[in-house]
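A structural walkthrough
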Amino acid sequence: MLLADSYGFCYGVKRVVDKLNELLDQHGNVYTYGQLIHNNQFTERMTQRGMKLINELSEIETLPKDAVVLTRAHGVLKDEMDSLQKSGRVIVDGTCPFVKAVHIKASVLENEGYTVLLIGDRNHPEVRSALSYMNDPIIVESPEDLNRPEIRDRLSQVKRLGVVMQTTQSADNVSQILKHLLDMSIDEIKLFNTRCNATEERQTAAQRLAHKVDVMLVIGGKHSANTRRLYQLCSAITRSYHIETKDDIHKEWFYREDGSPVERVGITAGASTPDWVIRDVVDYLNALQL
Ligand code: SF4
């Protein structure tokens, strides 16, 4: 059995989960504003420890006056953060520092007089949060967006453009968009590279490992977008299975049609998969001597 070089919790998820554990130790009950991570096993375990979920801002008023509320690594909308802070409850900001860096760099650009262009998926919570901290930014998802009349018109009037990007953007999409921007008559373009390598590192490591093994197990929540992406990438290379826990494993996966055992099994896990879920799978495979 081989593990990918990079798998499981990224820095921002580990940070917010450590913070949750710390707060649960101190206070017993902790409210999270939105789901911290898309992983049912994590949610079950933490709920038993005292984690409670609130989804709507209006619920904050129903909480005890001394309630502790932790926000997600992806960040929340500025209006929401303002309301949370005004509520008088103890608000702990779980926003990942790399996500926060997008807000900070955009604000630096705005203060220096640049029109900000954000490259990212406009419906993603991280991007919605970042946009809420900016003044009238231009949002572009793909090079094709630059042909949309409203974006072309705006860009035709911009002399100084400041570019930031969603942390999980691929280098390829960013460079294609920049190539098109360079063809426009913009006097000055200032770029802050706000990408975070965690997603790409996990994907590259999973693909590398998939090339070396007969079967890949991709561990993570069925609703976790980054786990599903890992599964997709591995499936294109070798026989792969997306599992949530060791209980999803079928022993026959590790045998060929002629009954002989496969030689190598690889393991990777999404950025929201807790260590103990991964360990359970590793122990299970070790017990099977794989
Ligand atoms: Fe932070 Fe990167 Fe993890 Fe997103 S993927 S939470 S930016 S470390």
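Computed from a predicted model, the values in this text were never measured in an experiment.

**Let's talk about helix α1 (residues 11-27)**
- Compared with an ideal rise of 1.5 Å per residue, which puts 17 residues at 24 Å, α1 spans 24 Å between its outermost C-alpha atoms and is within 8% of the ideal.
- The secondary structure elements touched by the buried residues of α1 are β2 (30-33), α2 (40-49), β3 (51-54), β4 (68-71) and β5 (90-92).
- Looking one or two places after α1, you find Gly-28, whose phi comes out positive at around 80 degrees.

**Considering the nonpolar core**
- Grouped together as the largest cluster of nonpolar side chains are 23 residues, with contacts concentrated most on Leu-20, Phe-42 and Leu-70.
- Sorting the residues of this core by element identifies α1, α2 and β4 as the ones contributing at least two each.
- Of the residues forming this core, the biggest block, six residues, is contributed by α1.
- Counting residues in hydrophobic clusters, the runner-up holds 18 residues, among them Val-215, Ile-249, Val-265 and Val-281.

**Comments concerning the sheet that holds β2**
- Spatially, four strands are ordered β3-β2-β4-β5 in an open sheet, and the strand pairing comes out parallel. Here the strands that pair on one side only, and so sit at the sheet edges, are β3 and β5. On average, each strand axis in the sheet is inclined to that of its neighbour by 30 degrees, with strand direction left out of account.
- Sheet strands in contact with α1 are β2, β3, β4 and β5, and its direction is about 175 degrees off that of β4.

**Here's the deal with the packing of aromatic side chains**
- If you walk through the whole model with that rule in mind, you get three aromatic pairs.
- Aromatic pair Tyr-11 and Phe-98: ring centres 5.8 Å apart, planes at 65 degrees, arrangement edge-to-face. Taken as a pair, Tyr-11 in helix α1 and Phe-98 in helix α4 (residues 97-111) lie far apart in primary sequence, 87 residues in all.
- The exposure class assigned to Phe-98 is partly exposed, which follows from its relative accessible area of 40%.

**Section: the environment of Trp-276**
- You can see Trp-276 is positioned in helix α10 (residues 275-287).
- Every residue in contact with Trp-276, bar those within four places of it in the chain, is listed here: Gln-41, Phe-42 and Arg-45.

**A look at the environment of Pro-137**
- Counting through the fold element by element, Pro-137 comes out in the loop between α5 (125-132) and β7 (138-140).
- The class for Pro-137 is buried, based on a relative accessible area of 18%.
- The sequence separation of Pro-137 and Leu-118 amounts to 19 residues, and the corresponding C-alpha distance is 6.9 Å.
- Residues in contact with Pro-137, not counting those within four places in the same chain, are Val-116, Leu-131 and Arg-154.

**Observations regarding the sheet that holds strand β12 (residues 265-269)**
- The four strands are arranged β1-β12-β10-β11 in an open sheet whose pairing can be described as parallel. Of all strands in the sheet, those with a lone pairing partner are β1 (2-3) and β11 (239-243), marking the two edges.
- Strand direction decides the pairing type here: strand β10 (residues 215-219) and β11, joined by five bridges, are parallel. Residue Met-216 lies in a different strand from β11, and its bridge partner there is Ser-240.

**Regarding unusual backbone geometry**
- Its identity is not glycine, yet Asp-136 carries a phi of approximately 50 degrees, on the positive side.
- Among the structural elements, Asp-136 can be located in the loop between α5 and β7.

**Here's the deal with the site of the ligand**
- Around the ligand, a shell composed of Cys-10, Tyr-11, Gly-12, Cys-96, Phe-98, Val-99, Thr-167 and Cys-196 is seen.
- Secondary-structure elements contributing two or more residues to the shell around the ligand are α1 and α4.
- Of the residues contributing to the shell around the ligand, the split by class is six nonpolar, two polar and no charged.

**Topic: the domain arrangement of the chain**
- The domains assigned to the chain are domain 1 (11-95), domain 2 (98-191) and domain 3 (198-287).
- Taking only C-alpha atoms, the centre of domain 1 and the centre of domain 2 are 30 Å apart.
- Facing the 11 residues of domain 1 at the interface are 10 residues of domain 2.
- Together, the buried faces of domain 1 and domain 2 total about 850 Å²; carbon and sulfur atoms form 62% of this surface.
- Sorting the residues of domain 1 by area buried against domain 2 places His-74, Leu-77 and Lys-78 first, and these three jointly supply 54% of that buried surface.

Definitions and limits used
Within any chain, residue numbers begin from 1 and follow the written order of that chain's sequence. Local features in a predicted model are, by the rule used here, given only for residues with pLDDT of at least 70; side-chain atom pairs are given and counted only at 80 or more, and totals for whole chains, interfaces and linings are based on all residues. Side-chain numbers here rest on the full set of heavy atoms in the structure, without hydrogens or water. Labels follow the DSSP assignment, with helices taken as runs of H or I lasting at least four residues and strands as runs of E lasting at least two, numbered in each case from the N terminus. Any helix carries an expected span of 1.5 Å times its number of residues minus one. What makes two residues a contact is simply this: any of their non-hydrogen atoms within 4.5 Å. For our purposes a nonpolar core is just a set of buried Ala, Val, Leu, Ile, Met, Phe, Trp, Tyr and Cys residues, chained together by side-chain atoms within 4.5 Å. Under the scheme applied here, a residue whose accessible area is under 20% of the maximum for its type counts as buried, over 50% as exposed, and between as partly exposed, the area being computed with a 1.4 Å probe on protein chains only. If DSSP finds at least two bridges between two strands, the strands pair. Axes, fitted as lines to C-alpha atoms, cover a helix only where it is in contact. Angles between the N-to-C directions of the axes lie from 0 to 180 degrees. The pairing test for Phe, Tyr and Trp rings, Trp by its six-membered ring, is centres within 6.5 Å, and the orientation test on the planes gives stacked under 30 degrees, edge-to-face over 60, and tilted for anything in between. Proximity criterion: a residue is near a molecule or strand once any of its heavy atoms comes within 4 Å of it. When residue character is reported, Ala, Val, Leu, Ile, Met, Phe, Trp, Tyr, Cys and Pro are called nonpolar, Asp, Glu, Lys and Arg charged, and the others, Gly included, polar. Delimitation of the domains relies on an automatic or database domain assignment. Summed over both partners, the accessible area lost on bringing two parts together, with a 1.4 Å probe, is the buried area.

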